[in-house]
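Understanding the architecture of this molecule
If you want the building blocks of each chain, they are given just below.
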Amino acid sequence: MTGPATTDAPTGAGAGRTGLAHGTRVLLTFAAAVVAFAGIWLGREILAPVAVAAVVVIIAHPVRFPLERRGWPKWAATTLVIVVAYLILGILAGLLIFASAQFVAMLPDYADELQATAASIADTLSTLGLTDEASAAASSVLEPGTLVGIAASVADAVLGFATAFFFVLAYVIFMAADAARFGRLRTVFGGARADGIGTRYFSGVRRYYVVNATFGAIVAVLDGLLLWALGIPIPIVWAILAFVTNFVPNIGFVLGLIPPAVLALVVGGWPLALAVVLAYCVINVTLQVLIQPKFVSDAVDLSLTLSFFSVVFWAFVIGPIGAILSIPLTLLVRALLVEPDDRAETLRRLSGNPAQEGSHHVVEPSQAG
């Protein structure tokens, strides 16, 4: 007669547990992310133009759908997509080059005023008890030599942009042609769920830039008219700056305010500078802080914390263009790594809790991409 069988198998919550511990998996994932983003940082001069071209093609791609429904051949619809993408790039490049040229040409005319303002700031800071070194460092921001260096940096950035612009133009052609080819497939990304994620990503990117361009144009016109009425030099340049910085989430308003406020301080003293700051706050805070985020949230559904962090992170990884592309790049990471994983519910909620309804629906090939 034998006794009851015994076993040394573990019982309770640990039964059946296999593989690496959760903490180990998290650390390995983090280490892999560091390696991947380090590689992106090393290749940023190549990858940044690719990202710009991809975003522009995503924006221009829907142009083809009504044309194909009217019977246009696919090559003609693809050609028009390329033309629209080139127009977008050409307008942006023209605005940046014009604004940079105007800014560089303005500096010699206000060299004396800049120097006087810098000396006045140094004296004021000294009377407030700051050391000579601290006051000199603060006032040196307005020194003509410093601003000339900034202007030279802007010119170099524009030149680098022009060099990368050639590669962007080439990438646009290839990506537009590939988008047309993929659009003929029954499933673009290999399955209904993947197509649902891809469609949400592409439509989110398009809505995001449409919203930002619309509000940016409104803010630019209002800011430009305000600065013109106050007598601030080259108001069109600061209007262009307001339009461009509107694509930088959360901190774009501050970036667009600083130059015209400093120039107002130079030409009109503290009262004029304060008037510019207050007027910008009324216009930009109302539109960009109170109204625009609602439309952006509906478009991309990212948390405010992640939106702010993405600006800093992508600007560090691929340079200044990363600040403008931060939202699409963050959405891409979420679409590739988080949304397909059913176990990543916590990460989805932390990123903004994107709607998962319809993630399993079949996407028509003509609407994908």
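Residues numbered from 1 in each chain as written. Predicted model: local features only at pLDDT ≥ 70, side-chain atom pairs only at ≥ 80, totals over all residues. Heavy atoms only, no water.

1. Some words on the nonpolar core
Val172, Ile232, Trp238 and Tyr280 are the most contacted members of the largest nonpolar core, which has 68 residues in total. Of all the secondary structure elements, the ones that give two or more residues to this core are helix H2 (44-60), helix H4 (74-106), helix H7 (144-183), helix H8 (192-230), helix H9 (235-245), helix H10 (252-300), helix H11 (304-318) and helix H13 (326-338). Examining the composition of this core, we find that 16 residues originate from one element, H10, more than from any other. Once residues within four sequence positions are removed from consideration, Tyr280 is found in contact with Asp223, Leu226, Leu227, Trp238, Phe253, Gly256, Leu257, Pro260 and Val285. (Core = buried A, V, L, I, M, F, W, Y, C linked by side-chain atoms within 4.5 Å. Buried < 20%, exposed > 50% of the residue type's maximum accessible area, 1.4 Å probe, protein only. Helix = DSSP H or I, 4+ residues; strand = E, 2+ residues; numbered from the N terminus. Contact = heavy atoms within 4.5 Å.)

2. Side note on H8
Across its 39 residues, H8 extends 56 Å between first and last C-alpha, which sits within 8% of the 57 Å expected from 1.5 Å per residue. Positive phi appears at Gly231, one or two residues downstream of H8, with a value of about 80°. (Expected span 1.5 Å × (residues − 1).)

3. With respect to unusual backbone geometry
The phi torsion of most residues other than glycine is negative, and most of the peptide bonds are trans. The backbone phi angle of Ile234 is positive, close to 40°, even though this residue is not glycine. For Ile234, the position within the fold is in the loop between H8 and H9.

4. Quick word on the environment of Phe37
Within the secondary structure, Phe37 sits in helix H1 (residues 22-42). Taking the C-alpha atoms as reference points, Phe37 and Val317, 280 residues apart in sequence, are found 7.1 Å from one another. Contacts of Phe37, omitting those with residues within four sequence positions, involve Phe313, Trp314 and Val317.

5. Topic: the confidence of the model for the chain
Of the residues in the chain, 75% have a pLDDT of 70 or more, and the chain-wide mean is 77. Across the chain, the element-wise mean pLDDT spans from 52 in helix H6 (residues 132-139) up to 90 in H9. In this model, residues 6-15 is a region of pLDDT below 50 whose contacts with residues beyond four sequence positions or in other chains number one contact. This model gives residues 357-369 a pLDDT under 50, and the stretch forms 29 contacts once residues within four places in sequence are excluded. (pLDDT = per-residue confidence, 0-100.)

6. With respect to the packing of aromatic side chains
Counted by the stated rule, this structure contains eight aromatic pairs. Summarising the aromatic geometry, the rings of Phe37 and Phe313 are spaced 5.0 Å apart at their centres and angled 85° between planes, so their arrangement reads as edge-to-face. Here Phe313 lies in helix H11 and Phe37 lies in helix H1, a separation of 276 residues in the sequence. The exposure class of Phe313 is partly exposed, given its relative accessible area of 22%. Each ring, one from Phe313 and one from Trp314, has its centre 5.2 Å from the other, and the planes form 80°; the classification is edge-to-face. Here the guanidinium or amino end of Arg44 rests over the ring plane of Trp41, the centre of that ring lying 4.3 Å away. (Phe/Tyr/Trp six-rings, centres within 6.5 Å; stacked < 30°, edge-to-face > 60°. Lys NZ or Arg CZ within 6 Å of the ring centre and 35° of its normal.)

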